[in-house]
Amino acid sequence: MLARWGVYITTAFLALSLLGALLITFAALVTIATLPSLEVLTDYRPKIPLRIYSEEGLLIGEFGEEHRDLVEINMVPERLKQAIIAAEDERFYQHGGVDYIGVLRAAYFNFTSGAVRQGASTITMQVARNFFLTKEKTLTRKFSEALLAFKIEQSLSKDEILGLYMNQIYLGQRSYGFASAARVYFGKTLNHINLAEAAMLAGLPKAPSRFNPMVNPARAKTRQLYVLRRMEKLNYISNQEFKETKKQPLQINKKRQSREFPLRADYVAEMVRQVVYKRYKEETYTKGFRVYTTVRQLDQEAAYEAVRQGVMDHDKRRGYRGPEAVINLPKNSINQKEVLEDALRDVADSDGIYAAVVLSVNSKFVRAYRKGGESIEISGDGLKFAKKFLSGKVGSGQQRIRPGSLIRIIKSKKGAWQIVQLPQAEAALVSINPEDGSIRALVGGFDFNRNQFNHITQAWRQPGSSFKPFIYSASLEKGFTPATIINDAPISFTAKETGSKLWEPRNYSGNYAGPLRMRVALAKSKNLVSIRILQAIGVHYAQDYIARFGFNPKLHPPYLPMALGAGSTSPMQMVIGYAAFANGGFRISPYFIERIEDEKGNVLEQARPALAGGDAKQIIDPRNAYIMTSMLKDVVQRGTAIRAKQLGRNDLAGKTGTTNDFVDAWFCGFQTNLVAVAWIGFDSPKSLGNKETGSRTALPMWMSYMGKVLMDVPKVNDPASDDMVPDGIVMVRINPETGFREEGGAIMEYFFQENVPPEAGSNFGDMESFLQERLHQEARGDFDGFVRYPDYIED
């Protein structure tokens, strides 16, 4: 009887097993028919972000949803492969897609532990899930995952599968793939990571957010040790290696926490992004375009430092404004750290300028809490800037520094902490190669993260006296010379002449020098001389003339204040204009993209700039450019920019600029092979402060930049001593008091050969009478030497 029941039970079991197998087979057949094609794997085209580089290949920007660096499997370090296999799938090279032994082991472990703590997904199954399926935990998804794993194993080699896994898997911090994760977490390429770093990376796939070393360093360390123990158990590493490696601290790339790049060029990166998006639309962020810019590391770093220091120096001169806010500190010290971290969470730092909350304070000492748990102490010179806010009375509406005050701190070069503040003014600096227009450096503001407004291209400001060289250049074409004597004396104009109201301009100093040579007047930036020059050549002529340099005539109305830079321009327009003086009179077009490549390195676009002296358009007489350069050198050697002589060079030229009430401060200048423009002002125009002139506020930024980038550049010889003088220029001795030609005159001066002044004792009593006669001759058509190139027409 029992035997019969045994037969029944065995038969029933076999029947049920057969039925189960048939059902599984049927389900498999039905599911296989619905499985997706593996074309996405065999023709792998992942989303790769737009990456932007400096001329040398330094990464300056990255735009895309997924940060990914593709890497071939044969370029992956062996230790990283071993770490991944040890952590995720120790029998990867033995199973056929599903590890049955692993499934049984996981089932037993989960049963004995009373919870689902161990999975049985192989690397192949994870590839199937990452490419084709959702992460929902259902039997249907798991069944499809297993079938896809079999299909993948039939189509691809083990190394191909592992390569797909390593490039596709998400590892936190918007990083996809191990190569990207190595760059983000450690600032390294895969071939430079060590064993400890490989183990940390290999531990991320299980739970990227939970084991993120930037967010949860303790959990990341625990996971890393698990991977190392697994590697030791599988004999990938020795016990000695395990002991040594587990002691190594995790060196996380702190810069990547704030998305910093090796080179600070955020404004350039954004300009590139806009250009590429205009051409390629949404593919910009997924096709892996690589854009190489014209920006150079030395130039960009020097420009960035110059702008930051220039703004901070100006801010320091204006004085401390007090704490940014006050945090209510809890009386219970147990909760203090949590409250402080919460208060500082949304307060952004600014490249070395950190937010801190004051914990205790007296007239000689401040203790403050910095984000991340660091307690810092400030004393001595570190308190000088904010000294009056530590004790004594403060101004109306200001608050003293007290416990709970939110302050800003910076570490000095000596390593001591100092109280500072975030500046309110903005500044910008741009430099270009005058031969081809390539932008060498561009800093559009103090901090891109605070203010994305690009002051180089978007800010339309009054240029002040930095615009005078273009009026002087126009006058050279009208017969004026560096030796022309013009009266620096008071003058007034009616509303009709100015376009607005009665105008009585004056010089910055309030003093007047009387008759001056034009060269001296430009060097000393004499406003009344510039106005008289514009009055003599005509405002409409000048308005047309400046268009040659790229200025929009509509933004420079044809009224006499144009002579003092009362129109509107941008730093980019100014640097283009000054380039014409530096390169011999050619109009160059600025560009910042050298080439665009696809993800495989194929060049899609290559810059082909017009070159000065080649196919670039000549906009002014080369002699004009030469004489203007000579006059602008005098601005540096003995004029308003004499401070720049500290650089110890004789090949620098430029012009300061300051607008009414010190609202804008400029310095525009150049060396033979480099033109740079520095500007500083407030976004909502207001005074920078009394005596905050171009020479005091903008020139130091320009000098800081030029001093660094020209340090190893040889000085250009005196152009008067070689063949650099253009044809048609003569050097003549003159009397510096009268401007007339004189045998044995005290100084030598450059002239257009057709505009040499008369000898002393001629029929003209003074230079002004001589010029007036020439202008009358031109009006009658009796003399055409004033305008050497009358056929220049702006495109």
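This text goes with the structure placed above it.
Residues numbered from 1 in each chain as written. Predicted model: local features only at pLDDT ≥ 70, side-chain atom pairs only at ≥ 80, totals over all residues. Heavy atoms only, no water.

Peer 1: Explain the overall build of the protein chain residue by residue, including any values.
Peer 2: In terms of regular secondary structure, the protein chain is built from 23 helices and 24 strands. Burial analysis of the protein chain (795 residues in total) assigns 51% to the buried set. Contacts in the protein chain between residues at least 24 apart in sequence constitute 69% of all its contacts with a sequence separation of at least 6. Total accessible area computed for the protein chain in this model is approximately 37,700 Å², and 52% of it derives from carbon and sulfur atoms. (Helix = DSSP H or I, 4+ residues; strand = E, 2+ residues; numbered from the N terminus. Buried < 20%, exposed > 50% of the residue type's maximum accessible area, 1.4 Å probe, protein only. Contact = heavy atoms within 4.5 Å. Areas by Shrake-Rupley, 256 points an atom, 1.4 Å probe, with all protein chains shown as cover.)

Peer 1: Describe the environment of Val339, listing the residues and the values that go with them.
Peer 2: If you trace the backbone, Val339 turns up in helix H14 (residues 336–344). Looking at Val339, the relative accessible area reads 29%, which means it is partly exposed. Between the C-alpha atom of Val339 and that of Leu329, which follows or precedes it by ten residues, the distance is 7.4 Å. Setting aside residues no more than four positions away along its own chain, Val339 makes contact with Asn328 and Pro330.

Peer 1: So what's going on with the pairing of strand S22 (residues 674–681)? Which residues, and what values?
Peer 2: The buried fraction of S22 is high, at eight of eight residues. Residues Leu674, Ala676, Ala678 and Ile680 line one face of S22 and the alternating positions Val675, Val677, Trp679 and Gly681 line the opposite face, and both faces are buried. Sheet topology note: the strand S12 (residues 426–432)/S22 ladder contains seven bridges and is antiparallel. Residue pairing in the sheet places Val430 in a bridge with Val677 of S22. One ladder, built from eight bridges, connects strand S21 (residues 664–671) with S22; its direction is antiparallel. Of the residues in S22, the one forming a bridge with Ala665 is Ile680. Adjacent in sequence and paired antiparallel, S21 and S22 are bridged by two residues. (Pairing = 2+ DSSP bridges.)

Peer 1: Outline the pattern of salt bridges, supporting the account with residue identities and numerical values.
Peer 2: For the structure shown, the criterion picks out 36 salt bridges. Across the pair Glu197 and Lys188 runs a salt bridge whose closest N-O atoms are separated by 3.0 Å. For Arg623, the salt bridge is made with Glu754, and the minimal N-O distance between the two is 2.9 Å. Here Arg623 is found in helix H21 (residues 622–638), whereas its partner Glu754 is found in the loop between strand S24 (747–752) and helix H23 (767–780), with 131 residues between them in sequence. A relative accessible area of 21% means that Glu754 is categorised as partly exposed. (Salt bridge = Lys/Arg side-chain N within 4 Å of Asp/Glu carboxyl O.)

Peer 1: I'd like to hear about the nonpolar core, residue by residue, with values.
Peer 2: Core analysis: the biggest nonpolar cluster contains 125 residues, and Trp702 and Tyr705 have the highest contact counts within it. Among the elements that take part in this core, helix H20 (residues 571–582) stands out by supplying nine residues, more than any other. Excluding its chain neighbours within four sequence positions, the residues that come into contact with Tyr705 are Asp299, Ala302, Ala303, Ala306, Leu429, Ser431, Arg440, Ala441, Leu674 and Ala676. Val127, Leu156, Leu201 and Ala207 belong to the second largest nonpolar core, which has 49 residues in total. (Core = buried A, V, L, I, M, F, W, Y, C linked by side-chain atoms within 4.5 Å.)

Peer 1: With reference to specific residues and values, describe H20.
Peer 2: Counted at 1.5 Å a residue, the expected span for H20 with its twelve residues is 16 Å, and the 16 Å between its end C-alpha atoms agrees. Of all twelve residues in H20, twelve are buried; the element is thus mostly enclosed. All of the buried residues in H20 are Pro571, Met572, Gln573, Met574, Val575, Ile576, Gly577, Tyr578, Ala579, Ala580, Phe581 and Ala582. (Expected span 1.5 Å × (residues − 1).)

Peer 1: Tell me what's going on with the packing of aromatic side chains, and back it up with residues and numbers.
Peer 2: Centre-to-centre distance and the angle between the planes together describe a pair of aromatic rings. Scanning the entire structure with this criterion turns up 24 aromatic pairs. Relative to Tyr545, the ring of Tyr541 lies with its centre 5.9 Å away and its plane at 35 degrees, an arrangement referred to as tilted. With Tyr541 and Tyr545 both in helix H19 (residues 539–546) and four residues apart, the pair spans about one turn of that helix. What makes Tyr545 buried here is its relative accessible area of 1%. Grouping aromatic residues by their ring pairs yields a cluster made of Phe467, Phe470, Tyr541, Tyr545, Phe549, Phe551, Tyr578 and Phe581. The lysine or arginine in question, Arg273, covers the ring of Phe63, its NZ or CZ lying 6.0 Å from the ring centre. Taking NZ or CZ as reference, Lys686 lies 4.7 Å from the ring centre of Phe682, over its face. (Phe/Tyr/Trp six-rings, centres within 6.5 Å; stacked < 30°, edge-to-face > 60°. Lys NZ or Arg CZ within 6 Å of the ring centre and 35° of its normal.)

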